[in-house]
Amino acid sequence: MSLTVPNDLLDQAVAGEIDDAAFVGCVRDSLPYAWSLISGLVEERDRSGAAFADNQTPPPDEAARGQLLRCLASDAMRGALERHFGVRLAFQNCHRVAVFDPTATEALRDFVTPRAQILNQKPELVDC
């Protein structure tokens, strides 16, 4: 299961739309490793003023890796986090998350190319 959904949030969804804040809170509480990694990258990018900040350290275990994969593979979760943090997210392999300033279109375009994906491959990541 991707998210642990509180009953009140499920009731809201059954009744109609839920707001981003409630959904983001559910993501934060359900996927703490993914949340911590992404929010830390947002803070790092904000502090540095760089076009982007990225993580190149593999997750500590399969549970953490699963959180990243579930979070970033979901259009709903990814979009909600992008709106919440005011960033663009990009993802390579099973752990290289990058947080981009929304105006850094060239840096984002470079990060998501097939060339960048190939250059990011390492033998130790073959099973991720």
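Residues numbered from 1 in each chain as written. Predicted model: local features only at pLDDT ≥ 70, side-chain atom pairs only at ≥ 80, totals over all residues. Heavy atoms only, no water.

> Can you help me understand helix α2 (residues 20-30) in this one?
Since there are 3.6 residues in each turn of an α-helix, residues three or four apart along the chain are aligned in direction. Within α2 the residues assigned to the buried category are F23, V24, G25, C26, V27 and S30. As for α2, its buried residues are in contact with α1 (7-15), α3 (32-48), α4 (62-73) and α5 (75-85). (Buried < 20%, exposed > 50% of the residue type's maximum accessible area, 1.4 Å probe, protein only. Helix = DSSP H or I, 4+ residues; strand = E, 2+ residues; numbered from the N terminus. Contact = heavy atoms within 4.5 Å.)

> So what exactly am I meant to see when it comes to the environment of Q92 here?
Within the fold, Q92 resides in strand β2 (residues 88-92). Since its relative accessible area comes to 2%, Q92 is described here as buried.

> When you look at the sheet that holds strand β1 (residues 52-54) in this model, what are you seeing that I'm missing?
The pairing of strands in a sheet comes from backbone hydrogen bonds and takes either a parallel or an antiparallel form. Strand order in the open sheet formed by 3 strands is β1-β3-β2, and the pairing between neighbours is antiparallel. Edge strands, defined here as strands with exactly one partner in the open sheet, are β1 and β2. Within this sheet the neighbouring strands show an average axis-to-axis angle of 20°, counted without direction. As paired strands, β1 and strand β3 (residues 96-100) are joined by 3 bridges and run antiparallel to one another. Looking at the pairing, D54 lines up with A98 of β3. Against the sheet, α3 touches β1, β2 and β3, its axis set at about 45° to β3. (Pairing = 2+ DSSP bridges. Axes fitted to C-alpha atoms, helices over the stretch in contact; angles between N-to-C directions.)

> Would you explain the pattern of salt bridges in this entry?
Oppositely charged side chains can form a pair if their charged atoms are brought close together. In total, this model carries 7 salt bridges according to the counting rule given. R96 serves as the salt-bridge partner of D54, at 2.6 Å between the closest nitrogen and oxygen. Residue D54 is found in strand β1, and its partner R96 is found in strand β3; the two are separated by 42 residues along the sequence. Note that R88 is salt-bridged to E82, the shortest N-O span being 3.7 Å. Among the residues examined, R88 registers a relative accessible area of 39% and is labelled partly exposed. Judged by relative accessible area, which is 18%, E82 ranks as buried. One continuous salt-bridge network, built from bridges that share partners, spans R45, D46 and D101. (Salt bridge = Lys/Arg side-chain N within 4 Å of Asp/Glu carboxyl O.)

> In this structure, what is going on with α5? I would like to understand it.
Taken together, the buried positions of α5 are M77, G79, A80, L81 and E82. In this fold, the buried residues of α5 make contact with α2, α3, α4 and β2.

Coordinates in, geometry out; function isn't part of it.
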